[in-house]
Amino acid sequence: MNRVKTTQSKTGEIIAYSEGAIRNNISAVEYCRTSMAAISGCAAGILGLSGTLGFLFYFLSVFVLWLMVLLKSGTQWRKYFISRSNLLTNQFMGGLCTYVLFWTFLYGMVHVY
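Residues numbered from 1 in each chain as written. Predicted model: local features only at pLDDT ≥ 70, side-chain atom pairs only at ≥ 80, totals over all residues. Heavy atoms only, no water.

Turning next to the pattern of salt bridges. Using the criterion set out here, one finds two salt bridges in the structure. Among the salt bridges present, the one from Arg 23 reaches Glu 19, with a minimum N-O distance of 2.5 Å. Placement of the pair is Arg 23 and Glu 19 together in helix 1 (residues 19–47), with a separation of four residues, close to one helical turn. A salt bridge links Arg 33 to Glu 30; the shortest N-O distance between them is 3.9 Å. One end of the pair is Arg 33 and the other is Glu 30, both in helix 1 and three residues apart, which spans about a single turn. (Salt bridge = Lys/Arg side-chain N within 4 Å of Asp/Glu carboxyl O. Helix = DSSP H or I, 4+ residues; strand = E, 2+ residues; numbered from the N terminus.)

Quick look at the structure:
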């Protein structure tokens, strides 16, 4: 079902959103976020980051991915997403779990064994 939702902007202009298109865009960003969490977790494990430095590396990689998505969507980001803040915070903890999984696995494989 491809329903259209409408909202009113601050200027009084009515904006229509395609629910299916927005859902597809968010799904693509989630795929990128999961892949980024796995890759950056592998990098952190191989580099031997531990403790707070490892978590800061995750926060940095999430922020860099957010900037890359915003740069890709350009100045017309409203055409693709409802809010920029949701791009940064949506599924943050799920990505963190993936990151920690790969981080600890590769840290153990490279530096412990």
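What follows is about unusual backbone geometry. Even without being glycine, Gln 91 reaches a positive phi, approximately 55°. Structurally, Gln 91 is set in the loop between helix 3 (84–89) and helix 4 (92–112).

Moving on: the layout of surface pockets. Taken as a whole, the largest pocket holds about 230 Å³ of empty space. In this structure, the largest pocket is lined by Asn 24, Asn 25, Ala 28, Val 29, Cys 32, Met 68, Val 69, Lys 72, Ser 73, Tyr 80 and Phe 81. No other element matches the five residues that helix 1 contributes to the lining of the largest pocket. Residues that form the lining of the largest pocket fall into these classes: seven nonpolar, three polar and one charged. (1 Å grid on protein atoms, 1.4 Å probe; cavity = no way out; pocket = protein on both sides within 12 Å on 5 of 7 lines; lining within 4 Å. Points joined across faces, edges and corners; volume = space filled by probe spheres on them. Nonpolar A, V, L, I, M, F, W, Y, C, P; charged D, E, K, R; others polar.)

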